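Take a look at the letters that make up each chain.
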Amino acid sequence: MTLSALYRIRSRGEDPYFHLAYEEALLRQVSRLSLAGRPVAALFLWQNARTVVIGRNQNAWRECRTGLLEREGGRLARRCTGGGAVFHDLGNLNVSFLVPRRLYDVERQAGVLLDAVRSLGIPAERSGRNDLLADGRKFSGNAFGFHGEGALHHGTVLVAADTDAMSRYLQPPPGKLEGKGV
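Note that the structure is predicted; figures quoted are calculated from it, not measured. Sequence order sets the numbering: in each chain, residues are counted from 1 along the sequence as written. Under the rules for a predicted model, residues below a pLDDT of 70 receive no local features and side-chain atom pairs below 80 are neither given nor counted, while totals for whole chains, interfaces and linings still include all residues. In computing side-chain properties, one takes all heavy atoms of the structure into account and sets aside hydrogens as well as water.

Mind showing me how you'd approach the overall build of the chain here?
Each helix and strand counted, the chain has 6 helices and 11 strands in total. Counting all 182 residues of the chain, 44% fall into the buried class. Contact definition: two residues touch when any of their heavy atoms are within 4.5 Å. When contacts within the chain are restricted to residue pairs at least 6 apart in sequence, long-range pairs at least 24 apart make up 72% of them. Accessible surface, the chain as shown: approximately 9800 Å² in total, 52% of it carbon and sulfur. In this text, helices come from DSSP runs of H or I with a minimum length of four residues, and strands from runs of E with a minimum of two, each type numbered from the N-terminal end. Whether a residue is buried, partly exposed or exposed follows from its accessible area with a 1.4 Å probe, protein chains only, as a fraction of its type maximum: under 20%, in between, or over 50%, in that order. All accessibility values rest on the Shrake-Rupley procedure with a 1.4 Å probe; residue burial counts only the protein chains present in the view.

Is there a simple way to think about the nonpolar core in this case?
Soluble, globular proteins show a tendency: their nonpolar side chains are buried together. With 13 residues, the main nonpolar core has Val95, Leu113, Leu132 and Phe139 as its most contacted residues. When residues of this core are traced back to their parent elements, those giving at least two are β3 (38–46), β7 (92–100), α4 (106–118) and β9 (131–134). Ranked by residue count, the leading element in this core is α4, at 4 residues. Setting aside chain neighbours within four positions, we find Leu113 in contact with Val95, Phe97, Leu132, Ser140, Asn142 and Val157. In this description, a nonpolar core means a group of buried Ala, Val, Leu, Ile, Met, Phe, Trp, Tyr and Cys residues linked to one another through side-chain atoms lying within 4.5 Å. Within the second largest apolar cluster, 12 residues are counted, among which are Ala60, Leu69, Ala161 and Ala165.

Can you help me understand the sheet that holds strand β4 (residues 51–54) in this one?
Paired through backbone hydrogen bonds, the strands of a sheet run either parallel or antiparallel to each other. If you trace the 3 strands from one edge of the open sheet to the other, you get β5-β4-β6, paired in mixed fashion. Of all the strands in the sheet, just β5 (75–78) and β6 (86–88) have a single pairing partner and so form its edges. The mean angle between the axes of side-by-side strands here comes to 30 degrees, regardless of whether they run parallel or antiparallel. Together, β4 and β5 form the strand contacts of helix α1 (residues 16–30), whose direction differs from that of β5 by roughly 10 degrees. Following DSSP output, two strands are said to pair if at least two bridges run between them. Axis definition: a line fitted to C-alpha atoms, over the contacting stretch in the case of helices. Angles run 0 to 180 degrees between N-to-C directions.

Explanation requested: the layout of surface pockets in the structure shown.
If a probe as big as a water molecule is rolled over the atoms, it shows which places are left empty. In this structure, the second largest pocket encloses a volume near 510 Å³. If you go around the second largest pocket, you meet 25 residues; those closest to its centre are Leu93, Val95, Ala116, Val157 and Val159. Counting residues per element, the ones that place at least two in the lining of the second largest pocket are β3, β7, α4 and β11 (150–158). Here the lining of the second largest pocket takes 4 residues from α4, the largest share from any one element. Under the convention adopted here, Pro, Cys and the residues Ala, Val, Leu, Ile, Met, Phe, Trp and Tyr are nonpolar, Asp, Glu, Lys and Arg are charged, and Gly plus all remaining residues are polar. When grouped by side-chain class, the residues that make up the lining of the second largest pocket number 18 nonpolar, 4 polar and 3 charged. A cavity, in this analysis, means grid points on a 1 Å lattice covering only the protein atoms where a 1.4 Å probe fits yet has no way out; a pocket is instead an open set bounded by protein on both sides within 12 Å along at least five of seven lines, and a residue lines either one if it has an atom within 4 Å of a point. Grid points are joined across faces, edges and corners, and a volume is the space filled by probe spheres set on the points.

Can you help me understand the side chain of Asn48 in this one?
Within the secondary structure, Asn48 sits in the loop between β3 and β4. A polar atom in the side chain of Asn48 sits 2.7 Å from the side chain of His19. Polar contacts involving the side chain of Asn48 include one to the side chain of His88, which spans 2.9 Å. Here a polar contact is taken to be a pair of N or O atoms separated by no more than 3.5 Å, where protein atoms must pair a possible hydrogen donor with a possible acceptor and residues adjacent in sequence count only if both atoms sit in side chains.

Looking at this structure, how should I read α1?
Think of an α-helix as turning once every 3.6 residues; residues three or four places apart then point the same way. Here, expected helix span is obtained from the residue count minus one, scaled by 1.5 Å. Taking 1.5 Å of rise per residue, 15 residues should cover 21 Å, and α1 covers 21 Å from first to last C-alpha, within 8% of that figure. Within the span of α1, buried status applies to Pro16, His19, Leu20, Glu23, Leu26, Leu27 and Val30. Buried residues of α1, viewed axially, fall in a sector of 120 degrees; they line one side. Of the residues that open α1, the one with a side-chain oxygen 2.9 Å from the backbone nitrogen of Tyr17 is Asp15. Throughout, the arc means the angular range of directions from the helix axis out to the C-beta atoms.

Here it is as structure tokens:
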């Protein structure tokens, strides 16, 4: 089945609570939308100012130095999908693919990100289910979720993130960062 339309939505704001709520609202609606009887999909691009986003089942105090994040003006937010804690800032691009479940294809969606990075002359590859790598180092983590007949694939793309801040706020289990080659 082919799409009748792909909507590209780009937020110019920096509010993680708005972005995550908007993304979830799109997820709840995407399977209901159609043009001429054919489904539509959305590509949502957004950025958050200094934020740690945790998965739906994570313990914030085990994954993040919440007090330090708050003292330095950052925010903590929870997303509707699983996966690990991630750091967002204005050097990080967030990408959300929202499609009807029957059109959900992780390979195709990851391919869009890989093609974009490769078009810049950066050799990139997919590793496992969730990660995209350049020179063996992770630059994008991805998570997935469903609601009714809607599907969500979202991820981060590190462009020029403040890795010092990322290291200060995140406290992953020992060995996770080294194992992922971030």
